[in-house]
Amino acid sequence: MNALTQADVQAHFQAAFGHVPEILVQAPGRVNVIGEHTDYNLGFVLPAAINYGTWIACSGSTGSGVASRQLTVVAQDFSAQRVTVDLDAEPVRDTAAPWADYVRGVVQQLRRRNFNLTGGELLVTGNVPSGAGLSSSASFEIALIRALLALSGEQIDPADAARVGQAAENEFVGIACGIMDQLVSALGQKNSALLIDCANLHTTPVRMPDDWGILIVHSGVRRGLVESAYNQRRQECEAVAKHFAAYSLRDVALPDLLAAEAQLDATAFRRARHVLTENARTLVAADAMKQGELAVIQRVMGESHASMRTDFDITTPAIDQLVSIMQDAAHGQAGVRMTGGGFGGCVVALGRQSVLPTLARAVEQQYQTLTGCTPTIIPALPSDGAFVQPPLTVTAALAHS
Ligand code: GAF
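Remember, predicted model here, so these are calculated numbers, not experimental data.

**Quick word on the packing of helix 2 (residues 100-112) against helix 4 (residues 158-173)**
Item 1. At a minimum axis distance of 8 Å, the contact between helix 2 and helix 4 shows a crossing angle of 115°. In the packing of helix 2 onto helix 4, the handedness of the crossing is right-handed. Between helix 2 and helix 4, the contacting residues are Asp101, Tyr102, Arg104, Gly105, Val106, Gln108, Gln109 and Leu110 on the first element and Val164, Gly165, Ala167, Ala168, Glu169, Glu171, Phe172 and Val173 on the second.
Item 2. Along the lines of polarity and charge, the residues of the contact of helix 2 with helix 4 split into eight nonpolar, four polar and four charged.

Following this line, the structure appears as structure tokens:
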């Protein structure tokens, strides 16, 4: 993966704007250990922030009047495309620079919450593999929120930052995502996963045992039709909640769902069964991680993948093959499942550090031959959530470069 240093980010800013930045912000992507499509059903999730993220270097507007009510944003990883956003204008979607919709959506939400934003110059770059289901968008949103508020001298609670990012995505970008990705990007903790109760946003860090590790493998499967299929899953879940006159699936008990099978559409029933059983598995997994119970992790992650395949219909044949290769190679020393929204993207393994290289080798030896897809091995470390820091001094930047 592309390593990115603070000195690189500063150098990109300087090349774009001709002076040094005042503030640097980083917000991580995430890998979800377990708890898939449960967040928007107000259930439980267990993601970890990872050591890949979005960086923003920024400084306040140097001018006054009109200029100070504008943001100039350069997206280093999109051919250094430069976009200007007027802080006072009603936002309009930009088909020439879709990445800038996240900026407009975030600004709109911050304004609605009466944050007093000031203009500035922002350089955005990152190393979260895009389209991999590792939350490059949420990390961009959280980095933006932290950067814009740092420039304006305003503060935000991490849970509120997550709500702003989610609302920007739901209301402006048009994806009906839950809050998991934004919340773990804001609040993740080193060496830990974060158990989130999405009904009240209560978070509990769950420390990973010292001899455990995480391995992510990108399946090389493009995530096609993600948005429409994702939004459709959400509607299916909400329809079942409505059948029970419940606010969300969180308020439906598994025995009641099972008893109602004959009255429900067969697909809707399977969708809800995935969500309710996944909530239970997530709580078991959090406890097993805390206690270092590998056999339990292996079982529930395996069950989670099977449920995503047969009940939620979000895996693909190549991803099922990838999971199977890694499960066989793990010999009970790691849990393996697809991670993220599905329809492509990545597989995650959590288990004994010593076995993870064996899993990576098995993937390299078998996956491409069996599926024709090219895998990418992504070693990952559970990491801290978003942070703001002053830039390196010129001397320190030179020493790092
Ligand atoms: C995507 C969404 F953005 C999350 O909110 C979550 O629903 C996830 O898919 C599935 O668990 O990452």
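And the narrative resumes.
**Notes on the nonpolar core**
Item 1. Counting 109 residues, the largest nonpolar core has Ile56 and Met326 as its most contacted members.
Item 2. Viewed by domain, this core spans two of them, domain 1 (6-201 + 384-399) and domain 2 (209-380), each represented by three or more residues.
Item 3. The residues touching Met326, leaving out its near neighbours within four places in the chain, are Val336, Val347, Ala349, Leu359, Ala362 and Val363.
Item 4. Grouped together as the second largest cluster of nonpolar side chains are nine residues, Val240, Val252, Leu257 and Val275 included.

**Quick look at the domain arrangement of the chain**
Often, the extent of an interface is quoted as the loss of accessible area upon association of its parts.
Item 1. When cut into domains, the chain gives domain 1 (6-201 + 384-399) and domain 2 (209-380).
Item 2. On a C-alpha basis, the centres of domain 1 and domain 2 stand 27 Å from each other.
Item 3. Contact residues are listed per partner, giving 28 residues for domain 1 and 38 residues for domain 2.
Item 4. Elements with a minimum of two residues in the side of domain 1 that touches domain 2: strand 1 (23-34), strand 2 (44-60) and strand 6 (192-197).
Item 5. In terms of residues, the side of domain 1 that touches domain 2 owes the most to one element, strand 2, which gives six residues.
Item 6. Looking at the side of domain 1 that touches domain 2, its residues break down into 18 nonpolar, nine polar and one charged.

**A short note on the UniProt feature "domain: GHMP kinase C-terminal" (unreviewed entry) in the chain**
Item 1. If you check UniProt for "domain: GHMP kinase C-terminal" (unreviewed entry), the listed places come out as residues 286-367 in our numbering.
Item 2. With 60% helix and 16% strand, residues 286-367 has end C-alpha atoms that lie 30 Å from one another.

**Comments concerning the sheet that holds strand 11 (residues 376-380)**
Item 1. Read across the open sheet, the four strands follow the order 9-10-8-11; overall the sheet is antiparallel. Looking along the sheet, the strands with just one partner apiece sit at the ends: strand 9 (334-339) and strand 11. Here the strands of the sheet are splayed against their neighbours by 20° on average, with no regard to which way each runs.
Item 2. The sheet contact formed by strand 9 and strand 10 (residues 346-352) spans six bridges and is antiparallel. Bridge pairing in strand 10 links Met338 to Val347.
Item 3. Its contacts with the sheet put helix 9 (residues 294-310) on strand 9 and strand 10, and the angle it makes with strand 9 is roughly 25°.
Item 4. Where helix 11 (residues 356-371) meets the sheet, it contacts strand 8 (212-218), strand 9, strand 10 and strand 11, and its direction lies at approximately 15° from that of strand 8.

**Digging into the UniProt feature "domain: Galactokinase N-terminal" (unreviewed entry) in the chain**
Item 1. Cross-referencing UniProt, the feature "domain: Galactokinase N-terminal" (unreviewed entry) maps to residues 12-59 in the present numbering.
Item 2. The straight-line gap between the two end C-alpha atoms of residues 12-59 is 13 Å; of that span, 12% is helix and 58% is strand.

**Looking at the site of the ligand**
Item 1. The environment of the ligand is made up of Asn32, Glu36, His37, Asp39, Tyr40, Cys177, Gly178, Met180, Asp181, Gly340 and Gly341.
Item 2. Class assignment of the residues belonging to the shell around the ligand gives a composition of three nonpolar, five polar and three charged.

Parameters at a glance
Residues numbered from 1 in each chain as written. Predicted model: local features only at pLDDT ≥ 70, side-chain atom pairs only at ≥ 80, totals over all residues. Axes fitted to C-alpha atoms, helices over the stretch in contact; angles between N-to-C directions. Helix = DSSP H or I, 4+ residues; strand = E, 2+ residues; numbered from the N terminus. Left-handed = near helix turned anticlockwise from the far one by under 90°. Contact = placed C-beta atoms within 7 Å. Nonpolar A, V, L, I, M, F, W, Y, C, P; charged D, E, K, R; others polar. Core = buried A, V, L, I, M, F, W, Y, C linked by C-beta atoms within 7 Å. Buried ≥ 20, exposed ≤ 12 C-beta atoms within 10 Å, placed from the backbone. Domains from an automatic or database assignment. UniProt positions renumbered as here; feature names shortened; annotations may be inferred. Pairing = 2+ DSSP bridges. Near = placed C-beta within 6 Å.

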